[in-house]
Every structure is written in structure tokens, then in C-alpha cells.
Amino acid sequence: LVHRIALPAPALVACYEPHANLVCLGGADGVVRTYDVRSRGAPPLLHELGTIDTCTSYAVSLAAFDPTEELLWTSSGPYISSYSLPDGFATSVFLADAARRAPAVGLFPYAYGLVAPSHDCVRFFGKGGHLQATVRAAGLAGVGASALCGAPPAPALVVAMGPSAASASPSI
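This write-up is about the structure you can find in this document. Throughout this description, residue numbers start from 1 for each chain and increase along the sequence as written. Note on the predicted model: pLDDT of at least 70 is required for a residue's local features to be given, and 80 or more for side-chain atom pairs to be given and counted; whole-chain, interface and lining totals, by contrast, use all residues. Only heavy atoms go into the side-chain values, all of them from the structure, while hydrogens and water stay out.

1. Side note on unusual backbone geometry
Despite not being glycine, arginine 101 has its phi angle at roughly 55°, a positive value. Along the chain, arginine 101 turns up in the loop between β8 (90–95) and β9 (108–110). A 1.4 Å probe rolled over the protein chains alone gives each residue an accessible area, and that area as a share of the maximum for its type sets the label: buried under 20%, exposed over 50%, partly exposed in between. Residue class for arginine 101 comes out partly exposed when judged on its relative accessible area of 42%. For the purposes of this entry, the term helix denotes a DSSP run of H or I that reaches at least four residues, the term strand denotes a run of E that reaches at least two, and both are numbered from the N terminus.

Structural data, given as C-alpha cells:
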């Protein structure tokens with residue numbers, strides 16, 4: 001089943017929350033749109049719940065639903081934000097990298113906050129955006145994308161980088 005949605009700006013990221021049956025689309029216009037995809041007949045209807053304006057001039061590049069509460073995390077340029085659902089109220093807005101104003105390349109919510117890899121390190125933030133820890137390693141230089149694999153207690157962070165960075169960096 002395919003749902004086509006006409007948007008005022010291109011969607012750059014999409015994520016799905018299976019427990020609440022929500023879909024989030026982050027746009028080039030800096031707006032996050034949330035949809036309810038519960039079955040209300042055949043085929044299921046896609047009902048727009050609302051929009052969240054990230055109040056930045058950046059496109060929404062990453063989005064992830066929090067597994068422990070009704071919270072949506074997004075990244076727009078150097079900013080990471082969290083929003084309560086379904087009302088879309090901003091609960092935190094902070095810089096992914098305060099020193100360099102660099103963007104995050106992944107958002108991985110967990111019970112105590114958020115893991116946010118960037119181009120040269122991995123940062124751990126509390127739910128309110130307080131920096132808890134930063135992990136730096138030579139093998140993280142040039143990271144362009146990331147994924148979290150596995151489940152607690154031993155998840156693994158997989159990072160991807162361009163060929164020049166990958167050949168120059170030892171594995172960690």
C-alpha cells in the first residue's frame with residue numbers, strides 16, 4: 001500500500017512509530033508534518049495531525065521517535081530539537097556541536113536521552129539537551145552517516161564515511 005502526500009516543500013526524512021501508528025515527514029522548508037496511520041477502514045487513512053515549525057532556516061535532515069515516551073527528535077542544521085506528541089510542543093532545542101556548530105549525522109533516542117554522532121565524535125545528551133558525554137576517536141573522523149544496530153545491553157553504532165576518510169582512519 002502506497003500513500004502519496006502532496007507537500008508544499010520536498011520531504012527529506014521520514015520515520016515511523018509503530019506503537020502509536022505515527023509517521024513524521026521532515027521537509028526542506030524546516031517543517032515537520034505528523035500523520036496518524038491507524039486503520040480506519042480499507043485502505044488505512046493517512047490523517048494529518050499537525051505541523052511543527054522548527055523555527056530555523058534549516059531543512060529537517062533527521063528525525064526519530066523516542067522509544068520510551070511520546071517524543072519526536074529532529075535535527076535541522078546545527079540544531080537538535082525534541083517535541084512532545086501529539087501536540088508538537090518544543091521540549092528542548094540545543095546545538096549538536098556548540099563549538100563548531102556542526103550538524104548531527106544520526107539521532108538515536110534511548111531511555112535517558114539521545115545519542116548523536118557528528119562528523120568527528122559521538123555525543124550523549126539528556127532528554128533536556130544537557131551534554132552528558134563526548135566520545136572522540138580517530139576512527140570517527142569524516143563520519144557522514146550512522147545507524148544503530150542491535151538492542152540493549154549491547155547495541156553497536158555503525159558509521160559510514162567517504163573513501164578518503166575511511167582509508168585514513170583506523171577502525172575503532
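Once you've had a look at it, read on.
2. A short note on the nonpolar core
Throughout, nonpolar core names a set of buried Ala, Val, Leu, Ile, Met, Phe, Trp, Tyr and Cys residues whose side chains join them through atoms within 4.5 Å. Membership of the largest hydrophobic core comes to 13 residues, with the highest contact counts inside it found for Cys15, Cys24, Val32, Ala63, Phe65 and Leu72. Within the residue set of this core, elements represented by two or more residues are β1 (11–17), β2 (22–27) and β5 (60–65). Pairs of residues are marked as contacts when any of their non-hydrogen atoms sit within 4.5 Å. With residues up to four places along the chain from it excluded, the contact list for cysteine 24 reads Val13, Ala14, Cys15, Val32, Arg33, Thr34, Ala63, Phe65 and Leu72.

3. A short note on the state of the cysteines
Any pair of cysteine sulfurs within 2.5 Å is marked as a disulfide. For the structure on display, the rule yields 0 disulfides. A disulfide-free cysteine, cysteine 24 has its sulfur positioned 3.9 Å from the sulfur of cysteine 15, the nearest such atom. We classify cysteine 24 as buried; its relative accessible area is 0%.

4. What to know about the environment of serine 75
Residue position: serine 75 is located in strand β6 (residues 71–76). Note on serine 75: relative accessible area 0%, which makes it buried. For serine 75, the residues in contact, after removing those within four places along its chain, are Ala59, Val60, Ser61, Leu62, Ile80, Ala104 and Leu107.

5. Thoughts on the sheet that holds strand β10 (residues 113–117)
What the 4 strands build is an open sheet, ordered β9-β10-β11-β12; its pairing is antiparallel. Taken across any chain shown, the strands that pair with only one partner, and hence form the sheet edges, are β9 and β12 (131–136). The sheet shows a mean angle of 20° between the axes of neighbouring strands, direction not considered. In this description, strands pair whenever DSSP reports at least two bridges between them. Helix axes are fitted only over the stretch in contact, all axes being lines through C-alpha atoms; the angle between N-to-C directions runs from 0 to 180 degrees.

6. Some points on the sheet that holds β5
Taken in spatial order, the 4 strands of this open sheet run β5-β6-β7-β8, and their pairing is antiparallel. Only two strands of the sheet have a single neighbouring strand rather than two, namely β5 and β8. Looking at each pair of strands side by side, their axes are set apart by 15° on average, direction ignored. Note: strand β7 (residues 79–84) against β8, 5 bridges, orientation antiparallel. The partner of tyrosine 79 across the bridge, within β8, is leucine 95.

7. Concerning the packing of aromatic side chains
Planes of paired rings set the category: under 30 degrees apart is stacked, over 60 is edge-to-face and the rest tilted, where pairs are Phe, Tyr or Trp rings (Trp by its six-membered ring) whose centres lie within 6.5 Å. All chains considered together, the criterion is met by 4 aromatic pairs. The interplanar angle of 75° and the centroid separation of 6.5 Å between the aromatic rings of tryptophan 73 and phenylalanine 94 together place this pair among those described as edge-to-face. Highlighted residues: tryptophan 73 in strand β6 and phenylalanine 94 in strand β8, separated in sequence by 21 residues. For the pair formed by tryptophan 73 and phenylalanine 94, the shared burial category is buried. Taking 6.1 Å as the distance between ring centres and 70° as the angle between the ring planes, the aromatic pair formed by tyrosine 110 and tyrosine 112 counts as edge-to-face. According to the relative accessible area criterion, tyrosine 112 is exposed, its value standing at 61%. Among the aromatic residues, those joined into a cluster by ring pairs are Trp73, Phe94 and Phe125.

8. A look at the side chain of arginine 123
Mapped onto the elements of the fold, arginine 123 is located in strand β11 (residues 121–126). For arginine 123, a relative accessible area of 5% puts it in the buried group. Any N or O atom pair separated by 3.5 Å or less is treated as a polar contact, with the protein-specific requirement of one donor-capable and one acceptor-capable atom, and with residues adjacent in sequence counted only for side-chain atom pairs. A polar side-chain atom of arginine 123 sits 3.4 Å from a polar atom in the side chain of aspartate 97. At a separation of 3.2 Å, a polar atom in the side chain of arginine 123 contacts the side chain of serine 118. Contact partners of arginine 123, with chain neighbours within four places excluded, come to Ala96, Asp97, Arg100, Leu114, Val115, Ala116, Ser118, Leu131, Ala133, Thr134 and Arg136.

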